[in-house]
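# Structure assessment
As a plain string of letters, each chain reads:
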Amino acid sequence: MTAVTIPGVDQAPTTHKRLLAWVREVAELTAPEQVVWVDGSEEEWTRLTDKLVDAGTFTRLDKKPNSFYAASDPNDVARVEERTYICAVDEADAGPTNNWMDPAEMKSIMTELYRGSMRGRTMYVIPFCMGPLNAENPMLGVEITDSEYVVVSMKIMTRMGTKALDRFIDADGTERDFVPALHSIGAPLEPGQADVAWPCNDTKYIVHFPEERLIWSFGSGYGGNALLGKKCYSLRIASVIGRDEGWLAEHMLILKLTSPEDKVYYVAAAFPSACGKTNLAMLDPTIPGWKVETIGDDIAWMRFGEDGRLYAVNPENGFFGVAPGTDYHTNPNAMRTIAKGNSLFTNVALTDDGDIWWEGIGDAPEHLTSWKKADWAPGSEEKAAHPNSRYCTPIDQCDTKAAEWDDPKGVPISAIFFGGRRATTIPLVTESRDWQHGTFMGATLSSETTAAAVGKTGVVRRDPMAMLPFIGYNAGDYFNHWIETGKRADATKLPKIFYVNWFRRGDDKRFLWPGFGENSRVLKWAIERIEGKAAARETPIGWVPTADELDLDGVEGDRADIEAALEVSAEEWRAEIPLIEEWFDKIGDKLPTPLRDELEALKQRLG
Ligand code: GDP
Ligand code: PGA
Ligand code: MN
C-alpha cells in the first residue's frame, strides 16, 4: 500500500521527527485538500484575511486599518463547559469538578469524528510558543486547524510561525518537546458544496489528555474552544505541568503599579471570565501620581525566582477582550489599542460606515447590522452585540504595555487579588491574614455566571481561584498545590492575598462602587497595607478598610454607597457558610485539612 499523498504535507520547513510524524498522521485521518505550514508572515495574514473576506466570514472595516468584523454561528458564541473534558487515565485525577471520560474511549469517539473532517479544506500547521521566544525553556505547541479564522487569531494571540518553529530544534540538534493541539471545526466540504460564513458542528468536544500533554478540540470556532494556546494549553495543560514541576498556571492578569514615590509593584489578579481582568490590567488610575502598566490580561505563569519571590510571566501575545461595556470612560487604553487597527472583532455589531459598535460604547447610530447579521435600530429588543462579543488585538500596540511584558524572567509579584461578581456579602476589599487564609479565600471564591460560557447567567457558583473551568486535574490536589507553594517561601517574600468585589449592588440593583479607574484606590490601599502604612479593621473574614481608610478624595459615587460596599454583614456571611460547606463536601477527601481548619475558624469568628 502506498501512503496517501496530500499536497503540502511533505513541504515541511522542519526536520523535527515527532512533529512530522504527527502532522502526517493527522492529515491522513482528516483528509484535507492540502496542508499549509504557517509562517506568520504579513503576506500570509493578507492572503488569509482576503480569503476570509471572500468567504463572507470577515467584513473589512473601513474605519479601522487592517481590521475585520466576524459574526459566528449563533450557536457558537462562548466556551462550552459541558463539552470540556479532562481525560486523565484515572478518573480521580480529573476530580469532582471536571467532566471525565476514559482516554481510550474518548479517542475512539473523536477519531471517528476527525475521520475525513477536513475534506475540501486546508489543514494549517501552526507552530507557536506561549511566553517569550527567548525563554531558556520555551513553552512550545503546534496547533493543527482547518479554520483560517483560527490561524489569523493565533497570529495575534501567540508568538507563532517561523520564529516559533526556529526554537523546535536546538543548535546541537536536540528536538524539543511541544504540546500537540488538534482542532477541526468538523465541517467537511463535498465537491461543489458551498461553504457557510461560520462553519462549525453541532457536536462539540474540548478535550485534554493531561498525561500526554495533548489537546483535541472539535466542532467549535469560538476563541476559548478553538485558540488552543489559551485556556486549553496555558491553563488546563499548564496547570498539570505546574503541579508536576512546582509552579502555578493561573487565570490572572498581571499589572505594574508605580507609586508617586516611583516605587514599582507588580500585582496579579484572578477574576472569572467577564469579571474585570482585562479592565483592571489596562486601568487608568483616577488617583494622582499613580501609574498602571499592563503585562497580561488573562493568564499568569508563576515560578519562584532565585531570590525566593514569585515571578509571573504572561504566556500570551494579544488581548481577547469582552467588547460590551468597553468605551473611552471604562477602558480608554483598550479603545486606543483597537483604534490602531490590526484587530479582529467577533459578534459585535457593524455600523453602515464600516466601524464596530456594542452596548456601552456610546450612542447607537440609526442603523446597525447586529451580531446576528440582522438589521438593528435603537429601541430594538435584542442586543446589537452578543454579551460575549470579543475584540482580539496585539499587546504590542497597547500604549500602556510595560517594558518588561516580554521579559522571560517575569516580574516579582507583591499582591494577588482574587475577585468575583457578587451582588451581596463580599466586601469591596478584604486582606487575608496569611497565605493559608488567602488560599481559603481563593478556594471558596464565588461569582455569578456570565456570558463567557454557554449556560444560564447570573447564577452564583463557587469558582475557585477563578479556575473552575480551567483546573486540569483534581481540584483538591490543586488546593494542596497552593498550600504547598506557600510553604516553599519565606512568608515575607510571598505575595499578600486580597479578595475584591467590584460588583456589590444596592437595593435598586445599582453598583455600589464606581469601579474601573476608581479601582486604583483599592490597589493603593493594598500596596500601603504591604508597606505597613494603611489602617484596616479586623473582621471575622479578614482585614477590611473603613471608608476613611481608603483614599476617596474626588471619588465618583456616593459616600453611603461606598460604605455599604465595605460592609461586613455577619448575617450574610452566616448564610454563606452552608454554601462553602456544600462546596467542600463536593471536593471530598482530597480537600486539604488546613482549608477545613480555616472554615471552622471562620465559623467560630462569626459566632
Ligand atoms: P475579563 O473577561 O475578566 O477580562 O473581564 P473584562 O475586563 O473584559 O470585563 C468584563 C465586563 O465587566 C465588561 O463588560 C466590563 O465593562 C465589566 N467590568 C470590568 N470592570 C468593572 C468594574 O470595575 N465595575 C463594573 N461595574 N464593571 C466592570
Ligand atoms: P475571558 O475568557 O472571559 O477570561 O477573557 C476568554 C474565553 O472565554 O475564552
Ligand atoms: Mn479578558
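Residues numbered from 1 in each chain as written. Chains lettered and ligands numbered in written order. Predicted model: local features only at pLDDT ≥ 70, side-chain atom pairs only at ≥ 80, totals over all residues. Heavy atoms only, no water.

Within an unreviewed UniProt entry, the label attached to the protein chain reads Phosphoenolpyruvate carboxykinase [GTP], and the organism entered is Actinokineospora globicatena. Among the UniProt annotations of the protein chain, the heading Catalytic activity (unreviewed entry) holds the following wording: "oxaloacetate + GTP = phosphoenolpyruvate + GDP + CO2". Of the protein chain, the UniProt comment under Subcellular location (unreviewed entry) reads exactly: "Cytoplasm". (UniProt positions renumbered as here; feature names shortened; annotations may be inferred.)

What follows concerns the packing of aromatic side chains. All chains considered together, the criterion is met by 25 aromatic pairs. Taken together through their ring pairs, the aromatic side chains of Trp45, Phe58, Phe68, Tyr149 and Trp198 make up a single cluster. Its guanidinium or amino end placed over the ring of Phe178, Arg18 lies 4.5 Å from that ring's centre, counting from NZ or CZ. Directly above the ring of Phe503 sits Arg421, whose terminal nitrogen or CZ lies 4.1 Å from the centroid. (Phe/Tyr/Trp six-rings, centres within 6.5 Å; stacked < 30°, edge-to-face > 60°. Lys NZ or Arg CZ within 6 Å of the ring centre and 35° of its normal.)

On to the site of ligand 1, then. Taken together, 18 residues lie near ligand 1, and Ala274, Gly276, Lys277, Asn279 and Pro324 sit nearest. At 2.6 Å from an oxygen atom of ligand 1 is found a main-chain nitrogen or oxygen belonging to Ala274. Within the side chain of Arg421, one N or O atom sits 3.2 Å away from an oxygen atom of ligand 1. Burial of ligand 1 by the protein chains amounts to 91% of its free accessible area of 580 Å². Broken down by element, the shell around ligand 1 gets its largest block of residues, three residues, from helix α8 (residues 277-281). Partitioning the shell around ligand 1 into residue classes produces nine nonpolar, seven polar and two charged. (Near = heavy atom within 4 Å. Polar contact = N/O pair within 3.5 Å; in protein donor to acceptor, adjacent residues only side chain to side chain. Areas by Shrake-Rupley, 256 points an atom, 1.4 Å probe, with all protein chains shown as cover. Helix = DSSP H or I, 4+ residues; strand = E, 2+ residues; numbered from the N terminus. Nonpolar A, V, L, I, M, F, W, Y, C, P; charged D, E, K, R; others polar.)

This part takes up the environment of Val460. The residue Val460 is located in strand β27 (residues 460-462) in this model. Since its relative accessible area comes to 38%, Val460 is described here as partly exposed. A C-alpha to C-alpha distance of 13 Å links Val460 and Glu582, two positions 122 residues apart in sequence. Not counting residues up to four positions away in its chain, the partners in contact with Val460 are Arg422, Ser446, Ser447 and Glu448. (Buried < 20%, exposed > 50% of the residue type's maximum accessible area, 1.4 Å probe, protein only. Contact = heavy atoms within 4.5 Å.)

Further remarks concern the pairing of strand β16 (residues 310-313). Of the two faces of β16, the one carrying Leu310 and Ala312 and the one carrying Tyr311 and Val313 are both buried. One ladder, built from four bridges, connects strand β15 (residues 300-304) with β16; its direction is antiparallel. Bridge pairing links Arg303 to Tyr311 in β16. In the sheet, β16 pairs with strand β24 (residues 411-419) via two bridges, with the strands oriented antiparallel. Looking at β24, one finds that Tyr311 is bridged to Pro412. (Pairing = 2+ DSSP bridges.)

Moving on: the site of ligand 2. In the region of ligand 2, the neighbouring residues are Arg79, Tyr222, Gly224, Lys231, His251, Ser273, Ala274, Lys277, Asp298, Phe320, Arg390 and Ala452. In the environment of ligand 2, an oxygen atom lies 3.2 Å from a nitrogen or oxygen atom belonging to the side chain of Tyr222. At a separation of 2.8 Å, an oxygen atom of ligand 2 approaches a polar side-chain atom of Arg390. Calculation on ligand 2 without its partners gives an accessible area of 280 Å², and the protein chains cover 97% of this total. The cavity that encloses ligand 2 is the largest pocket. (1 Å grid on protein atoms, 1.4 Å probe; cavity = no way out; pocket = protein on both sides within 12 Å on 5 of 7 lines; lining within 4 Å. Sits in = over half its atoms within 2 Å of the grid points.)

Let us now look at the nonpolar core. Counting 155 residues, the largest nonpolar core has Phe417 and Trp482 as its most contacted members. If we ignore the near neighbours within four places in the chain, the residues touching Trp482 are Leu248, Glu250, Met252, Ile416, Phe418, Trp435, Thr439, Met465 and Ile497. The next biggest cluster of nonpolar side chains, apart from the first, holds 34 residues, and it includes Trp22, Val23, Ala27 and Met118. (Core = buried A, V, L, I, M, F, W, Y, C linked by side-chain atoms within 4.5 Å.)

A separate point is the pairing of strand β14 (residues 291-296). Across the six residues of β14, five count as buried, placing the element largely inside the fold. Pairing of strand β12 (residues 252-258) with β14, which is carried by five bridges, proceeds in the antiparallel orientation. Paired with Thr258 across the strands is Lys291, a residue of β14.

Counted as a void, the largest pocket has a volume near 990 Å³. Contributing to the lining of the largest pocket are 44 residues, with Ala274, Cys275, Val322, Pro324 and Arg421 lying nearest its centre. Examining the composition of the lining of the largest pocket, we find that four residues originate from one element, α8, more than from any other. (Points joined across faces, edges and corners; volume = space filled by probe spheres on them.)

Enumeration over the complete set of coordinates arrives at six cavities of 30 Å³ or more. In this structure, the largest cavity spans a volume of roughly 130 Å³. Residue lining of the largest cavity: 14 residues in total, with Phe440, Met441, Tyr499, Ile541 and Trp573 positioned closest to the centre. For the lining of the largest cavity, the elements supplying multiple residues, two or more each, are α10 (435-443) and α14 (570-587). Considering only residue class, the lining of the largest cavity consists of nine nonpolar, three polar and two charged.

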